[in-house]
Amino acid sequence: MTKLKEAIYEEAAKVFTAFITWGIGVLFMIAYCAFIYWLNENFSIYVVIIGAMLFLAVVFFFVDLWWSYSKGKGICE
């Protein structure tokens, strides 16, 4: 019975992590759209393009950092 309980907790943690990750991704997409809209309203198209690339570069850097950390953590355990 204990193994079943542990398995259920492990799967619940995986599902919870998936929903949290998905939710953060949605928030980043909304922030990206709002940022691009704000840039488009206030600056030229060139600033919009540069801002979009910088935003994506920073977000993907942190996503890659998180992914590498979670993969490295799994290897160490």
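Above this note sits the structure.
Peer 1: I'd like a rundown of the overall build of the protein, residues and numbers included.
Peer 2: Secondary structure summary: the protein contains two helices and zero strands in total. Relative to its 77 residues, the protein shows a buried fraction of 8%. Only carbon and sulfur atoms are counted for the fraction: they give 76% of the accessible area of the protein, which is about 6800 Å².

Peer 1: Describe the layout of surface pockets, and please don't skip the residues or the numbers.
Peer 2: Which parts of space are left empty comes out when a probe the size of a water molecule is rolled across the atoms. Here the largest pocket defines a volume of roughly 270 Å³. Taken together, Thr17, Ile20, Thr21, Ile24, Gly25, Phe28, Val59, Phe62, Val63, Trp66 and Trp67 make up the full set of residues lining the largest pocket. Residue assignment for the lining of the largest pocket shows that the elements contributing at least two residues are helix H1 (2-42) and helix H2 (45-76). At six residues, H1 tops the list of elements feeding residues into the lining of the largest pocket.

Peer 1: A description of the pattern of salt bridges should follow, citing residues and the corresponding values.
Peer 2: Counted according to the given criterion, the structure contains one salt bridge. Among the ionic pairs, lysine 14 bridges to glutamate 11, the shortest N-O distance being 3.4 Å. Note that lysine 14 and glutamate 11 are positioned in helix H1 at a spacing of three residues, about one turn of the helix.

The rules behind each value
- Residues numbered from 1 in each chain as written.
- Predicted model: local features only at pLDDT ≥ 70, side-chain atom pairs only at ≥ 80, totals over all residues.
- Heavy atoms only, no water.
- Helix = DSSP H or I, 4+ residues; strand = E, 2+ residues; numbered from the N terminus.
- Buried < 20%, exposed > 50% of the residue type's maximum accessible area, 1.4 Å probe, protein only.
- Areas by Shrake-Rupley, 256 points an atom, 1.4 Å probe, with all protein chains shown as cover.
- 1 Å grid on protein atoms, 1.4 Å probe; cavity = no way out; pocket = protein on both sides within 12 Å on 5 of 7 lines; lining within 4 Å.
- Points joined across faces, edges and corners; volume = space filled by probe spheres on them.
- Salt bridge = Lys/Arg side-chain N within 4 Å of Asp/Glu carboxyl O.

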